[in-house]
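Structural characterization, general
One-letter residues, chain by chain:
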There are 2 protein chains.
Amino acid sequence: MAKISKKELIIEHSRKSFSKNGYELTSLESIAKECEITKPAIYYHFKDKATLYKAVVCPEFTALAEKIEKNTQDGDAVKRVQNYISTFGNFLISNPDFSAIFAREIANGSANIPDECINQLSRTIKQLVNILYAGESEGVFSKESPFLIQMMIVTPLISCHTSKPLRERVALHAQNSKISLEPNFANIIDSLSTKIIKGLKC
Amino acid sequence: MAKISKKELIIEHSRKSFSKNGYELTSLESIAKECEITKPAIYYHFKDKATLYKAVVCPEFTALAEKIEKNTQDGDAVKRVQNYISTFGNFLISNPDFSAIFAREIANGSANIPDECINQLSRTIKQLVNILYAGESEGVFSKESPFLIQMMIVTPLISCHTSKPLRERVALHAQNSKISLEPNFANIIDSLSTKIIKGLKC
DNA sequence: ATTTCCTTACTGAATGGTAAGTAAAATATT
DNA sequence: AATATTTTACTTACCATTCAGTAAGGAAAT
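Residues numbered from 1 in each chain as written. Chains lettered and ligands numbered in written order. Predicted model: local features only at pLDDT ≥ 70, side-chain atom pairs only at ≥ 80, totals over all residues. Heavy atoms only, no water.

1. Re the relation of the copies chain B and chain A
Overlay of chain B on chain A (RMSD 0.0 Å): rotation 180 degrees, translation along the axis 0.0 Å. Here the copies are linked by what is in effect a two-fold axis. By residue overlap, the copies meet face to face through one surface: 100% of the interface positions of chain B are interface positions in chain A. (Least-squares fit on C-alpha atoms with pLDDT ≥ 70 in both. Contact = heavy atoms within 4.5 Å.)

Right under this line is the structure:
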């Protein structure tokens, strides 16, 4: 097992708890217990709960922005949008705690999110703006609000993860219909990508 | 002013608070203050916080299911999908507290949502399943996971409302680009509708 | 001798929920 | 019609718990 500092251990457990339970329902006492330390040990490493949250979420948003920028530079606009979507989708797969954290932030108007993350998020969106603008110049995309496109990409993918318990409950109440088919996430990414591209094209 | 029972007054203020602050950060004391009563008065009308929440959310999900069913019976599959989307969008406009409540429920895996709401939600989704199936039979839609389509409709529209503060902060960090254009919600509904239909067609 | 990295023990504030009592309205009884 | 009784719709006062955050101290490494 890789050697990991206690500070990083705290961050890992915190990330899981913030993702599973949300900011309010995450207690520092329970995180401490999971790390097999005591609560003030957390306060030794982090000023307060908000700072710990920041240490959890900032690297995630930064990593996302970097992957997006890296993977959406080349190709025509269609290809770049496809890469934007698949990069985001694969990021959600490799960062399984991110979906719920991001979904909560969208739902509560980014109340807990630090400015640094907003900065990273705006890098991501700027990239999408550039791609859409390139698509217009190429004459393949009609003019569209980048904000809506961003929402059409990000929120369905995120919600695929977070709404799983909700879907399971709905499936119980609708047994005789075809809702119960649980889709595979890789397929979802592809399928969403196809539809968004179709929707964007003139 | 229409006469309103104290019980309904409590529900109205609760709805606003649950929407604005979320379940955890909504304190019954603060609701009581807004209603100009005391906390135990709330407990006279409602067994506990969960029951109050139920009284707030159930009518919303029921009203949504009824409007959806009512407005998506007639016409061809394309028309019915358009009506599904516009009915949902207009519901969000006329029920301004619903977006945040629903978004939070999706984000936290429906932890607070009562079974009765799940029932209403499954009515809504069954209707979409029917429409998509009709579209396949008509030969105009390709086979698709209804669940993904539901997510593609519901989550972007909801997030348009809840992410407004987030967008404003992003706009501050991206002043020199074109992100700042704040789209009009009625236009968003139309635009989303067009794109989803394009994406669904064979 | 000092800094690092923790521990035990604690405080204060917020909050869900309850016990007990009360004024007014509705209902039953004389 | 007048009076007694019960029910409705609350209030004041309080309890129990949870939780963010702190004070003070200690062992080990530097």
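2. Observations regarding the domain arrangement of chain A
All names here are of chain A. Splitting chain A by domain gives domain 1 (1–46) and domain 2 (57–200). At the junction of the two partners, domain 1 supplies nine residues and domain 2 supplies six residues. Each partner contributes to the roughly 600 Å² buried at the junction of domain 1 and domain 2, and carbon and sulfur atoms together form 48% of this total. For the pair domain 1 and domain 2, the interface holds two salt bridges. In this structure, Glu60 engages Arg15 in a salt bridge whose closest nitrogen and oxygen atoms are separated by 3.6 Å. The residue makeup of the side of domain 1 that touches domain 2, split by class, is two nonpolar, three polar and four charged. (Domains from an automatic or database assignment. Buried area = accessible area lost by both parts, 1.4 Å probe. Salt bridge = Lys/Arg side-chain N within 4 Å of Asp/Glu carboxyl O. Nonpolar A, V, L, I, M, F, W, Y, C, P; charged D, E, K, R; others polar.)

3. Points about the packing of helix H9 (residues 164–172) of chain A against helix H7 (residues 115–138) of chain B
A pair of packed helices can be characterised by two numbers: the angle between their axes and the separation between those axes. The interhelical angle for the contact between H9 of chain A and H7 of chain B, taken along N-to-C directions, is 80 degrees, at an axis separation of 9 Å. As judged from the angle between their axes, H9 of chain A and H7 of chain B are roughly perpendicular. Facing H9 of chain A, whose interface residues are Leu166, Arg169 and Val170 of chain A, H7 of chain B presents Asp115, Ile118, Leu121, Ser122 and Ile125 of chain B. Of the residues contributing to the contact of H9 of chain A with H7 of chain B, the split by class is five nonpolar, one polar and two charged. (Axes fitted to C-alpha atoms, helices over the stretch in contact; angles between N-to-C directions. Helix = DSSP H or I, 4+ residues; strand = E, 2+ residues; numbered from the N terminus. Parallel < 35°, antiparallel > 145°, perpendicular 65-115°, else oblique.)

4. Here we look at empty space enclosed by the protein
By the definition in use, this model includes three cavities of 30 Å³ or more. In this model, the largest cavity occupies a volume close to 150 Å³. The wall of the largest cavity is formed by 14 residues, among which Ile125, Gln150 and Met151 of chain A together with Leu166 and Arg167 of chain B lie closest to the centre. Of all the elements in the fold, those that place two or more residues in the lining of the largest cavity are helix H6 (98–107), helix H7 (115–138) and helix H8 (146–162) of chain A together with helix H9 (164–172) of chain B. The element that contributes the greatest number of residues to the lining of the largest cavity is H8 of chain A, accounting for five residues. (1 Å grid on protein atoms, 1.4 Å probe; cavity = no way out; pocket = protein on both sides within 12 Å on 5 of 7 lines; lining within 4 Å. Points joined across faces, edges and corners; volume = space filled by probe spheres on them.)

5. Section: the protein's contact with DNA strand C
In the neighbourhood of DNA strand C, 15 residues make up the surrounding shell, with Thr38 and Tyr44 of chain A together with Lys39, Tyr43 and Lys49 of chain B lying closest. When atoms of DNA strand C within 4 Å of the protein are split into backbone and base, the sugar-phosphate part holds 54%. At 2.4 Å, a side-chain N or O of Thr38 of chain A approaches a phosphate oxygen of DNA strand C. For the surface near DNA strand C, the secondary structure elements donating two or more residues are helix H3 (39–45) of chain A together with helix H3 (39–45) of chain B. Of the residues forming the surface near DNA strand C, the biggest block, four residues, is contributed by H3 of chain A. A per-class count over the surface near DNA strand C returns seven nonpolar, four polar and four charged. (Near = heavy atom within 4 Å. Polar contact = N/O pair within 3.5 Å; in protein donor to acceptor, adjacent residues only side chain to side chain.)

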